[in-house]
Every structure is written in structure tokens, then in C-alpha cells.
Amino acid sequence: MKKIINGLSVFLSGSDETKSIVFVHGFPFDHLMWQAQVEELSKENFCVTYDIRGLGESSVGDGQFTMEMFVDDLEKLIDELKITQPVLCGLSMGGYISLRVMERIQNKFSGLILCDTKSEADDNQGKLKRAAAVKQINTGDFENFIEAFVLNCFGEKFINKNNAEYRMVVERSKKNKPVGIKGCLLAMAGRTDTTTSLQKIKLPTLIICGSEDKLTPPNVMKPMAEQISNSEFILVSNAGHMTPIEYPQRVTSAIKEFLVKNNL
Ligand code: MLT
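Just so it is clear, the model here is predicted, and its values are computed rather than measured. (Residues numbered from 1 in each chain as written. Predicted model: local features only at pLDDT ≥ 70, side-chain atom pairs only at ≥ 80, totals over all residues. Heavy atoms only, no water.)

1. Here we look at the packing of aromatic side chains
The description of two aromatic rings rests on the distance between their centres and on the angle between their planes. What counts, and what does not: The criterion for an aromatic pair is that two Phe, Tyr or Trp rings (for Trp, the six-membered ring) have centres within 6.5 Å, with stacked assigned to planes under 30 degrees apart, edge-to-face to planes over 60 apart and tilted to the rest. Each helix is a run of DSSP H or I of at least 4 residues and each strand a run of E of at least 2, with the numbering of both proceeding from the N terminus. The rule is simple: take the accessible area with a 1.4 Å probe, protein chains only, and divide by the maximum for that residue type; under 20% is buried, over 50% is exposed, in between is partly exposed. For a lysine, the NZ atom is tested; for an arginine, the CZ atom; a charge sits over a ring if that atom is within 6 Å of the ring centre and within 35 degrees of the ring normal.
Scanning the entire structure with this criterion turns up 7 aromatic pairs. Centroid distance F27 to F149: 5.2 Å. Interplanar angle 90°. Geometry classified as edge-to-face. Within this pair, whereas F27 is found in the loop between β3 (20-24) and α1 (35-41), its partner F149 is found in helix α5 (residues 142-153), the two being separated by 122 residues in sequence. Using a relative accessible area of 5% as the deciding quantity, one classes F27 as buried. Look at F65 and F70: their rings are 5.7 Å apart centre to centre, the planes differ by 50°, and that puts the pair in the tilted class. Side by side, F65 and F70 carry an identical accessibility label, which is buried. Directly above the ring of Y96 sits R191, whose terminal nitrogen or CZ lies 3.6 Å from the centroid.

2. Quick notes on the pairing of strand β6 (residues 111-115)
Where we set the bar: Pairing between two strands requires that DSSP report at least two bridges joining them. When the strands point away from the viewer and the connection leading from the first strand across the helix to the second strand turns clockwise, the crossover is called right-handed.
Among the 5 residues of β6, 5 are classified as buried, and the element is accordingly described as predominantly covered. Two elements, strand β5 (residues 87-91) and β6, share 5 bridges in a ladder whose sense is parallel. Bridge pairing in β6 links L88 to L112. Traced from β5 through helix α3 (residues 93-105) to β6, the parallel crossover comes out right-handed. Sheet analysis places β6 next to strand β7 (residues 205-210), joined by 4 bridges and oriented parallel. Counted as the bridge partner of L112 is T205 from β7.

3. So, the packing of helix α2 (residues 67-81) against α3
Put simply, the rule is: Angles shown run from 0 to 180 degrees and are taken between the N-to-C directions of axes, each axis being a line fitted to C-alpha atoms and, for helices, limited to the stretch in contact. Orientation is classified from the angle alone, with under 35 degrees giving roughly parallel, over 145 giving roughly antiparallel, 65 to 115 giving roughly perpendicular, and any other angle giving oblique. Contact criterion: two residues are considered in contact whenever any of their non-hydrogen atoms come within 4.5 Å of each other. Nonpolar residues are Ala, Val, Leu, Ile, Met, Phe, Trp, Tyr, Cys and Pro. Charged residues are Asp, Glu, Lys and Arg, and all others, Gly as well, are polar.
Orientation of α2 relative to α3, taken along the N-to-C sense of each, is 75°, at an axis distance of 9 Å. By the criterion of interaxial angle, the relationship of α2 to α3 is roughly perpendicular. Facing α2, whose interface residues are M67, E68, F70, V71, D72, L74 and E75, α3 presents M93, Y96, I97, R100, V101, R104 and I105. Of the residues belonging to the contact of α2 with α3, the class tally is 9 nonpolar, no polar and 5 charged.

Okay, here's the thing in C-alpha cells:
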């Protein structure tokens, strides 16, 4: 079922009498990146996915976004849906949002799943890369920006073996509006560093990382797991940055086991 909440397109699957999981997608993707997980997990859980402001079917508005707005959106969404103590699951940009959520409203959640993400903010080089991306889009080179960005997100094995699926994701990403994409790039460039708050995360936490992830590699994600006291780290062999799409069964099983183990 689809709902519009505060300009966001929100998708609900499963019974709302069961434990809720809220999924937050990465950039420049949309809620469909969690399709495989939702299909399986909604048999026993209430699965909530949504398109982040500016992306997918959600409102783009004036394209001026901040990480704080993305956190406000998520809080409003769970309040409107009246879901209590959901598990929060975010990938990459969705992970940046989730980590800031932990700083602001950790008490509203019961568990955390971080896929292919990091707590560090963009360094100078990272900020300049975002600026170059905005410039590239402003010069009308939007499609090439998306092609190159998405290419970097996937492991070589997936691209070769599942090329039709890979192309579908690329083409769907190109459907985003340039103004929404630029807004997200600037929101990511302006995000704060959440590293010092990792030790304050007390929720059971599952950390999933693709062994071939070029954007948030294992040597970035492992130290993050070490700082979260109640956390478990899972490495997905051969996967790039998009573990839930590249190895859907492995990721879904890891989530299922995590929920059971922690009584969530
Ligand atoms: C994502 O997958 O959300 C992006 O790679 C995040 C980023 O560009 O930092």
C-alpha cells in the first residue's frame, strides 16, 4: 500500500500488528532497492520503505535539503504511521540519516541495521567531488553523472552476471530530477560527523559490508562496528556497495537472524 506523508511516497507491506522495520535507501536510488528484503521480511514484519525527499516518487520542492530535514522527515513518518520502536535499516546515505537519527532520537527505535555506510563526514576532497558533480549536472551532463556514479556502486561480479538488473537500476536512477539529485549531493556534503556518537548507540546493531565496496569499504566499516558496543559485523563476499541488491538472500537472512537473536 502506498501513502503520501508530508510529501514523501511511503510504501507499507505486511501486517501493522507485527514488528516494524523502516528501510532508508541510498543515493541516487529509491525505495525499490529494498524490494527483495521487503518481499521476504514482510511475511513476518511490517516493512516501511519510502523515497527520500528529492528522489523517486517523493516531492522535490525547491531542492534545498539538509541531513536534518531528512531526519525530520523520518521522525514525522514514524509518528504519522504511529509505529512504536521500529528497527531502522539504512544503506549509505540512508545510513548517514540513520546515524544522525541515533544522535537525535535513538529512544524511538529498538534496533539498527547499517549497510555499506560510514560515520565520517565528507573530507575536503569529498566536498570538492560533490561540487564537481553539481557542476557536471549543471552543464547538462546528468545522465553521464548517474552512469558513472552507479557503476562505482556495484561489484564487478554483479554487473557481469546480472546485467539486465543492473541496467534497470541505472535507468531508474536517471529518472530522478537533477534538482533532487543536486539537493541530496549538497545535503551529504553538509552532513555532520557522527563518529564520536557511535559509542552512545546502545541498540542491538547489525553492520553489513560488501567485501568489494569501494565507497565504504570494510576497513572503514569494521572500526565503526568496534565502537558500537552491541554490534555484529557481517562481510558479504564479492559484493560492492549495494549488498541488498547484489546478494539479496544473504542480506535478508542476516537481517532475519539478527531480529530473532535480539528478540526484535
Ligand atoms: C549512497 O550510496 O548513498 C552514496 O554512495 C553515498 C555517498 O555518495 O556518500
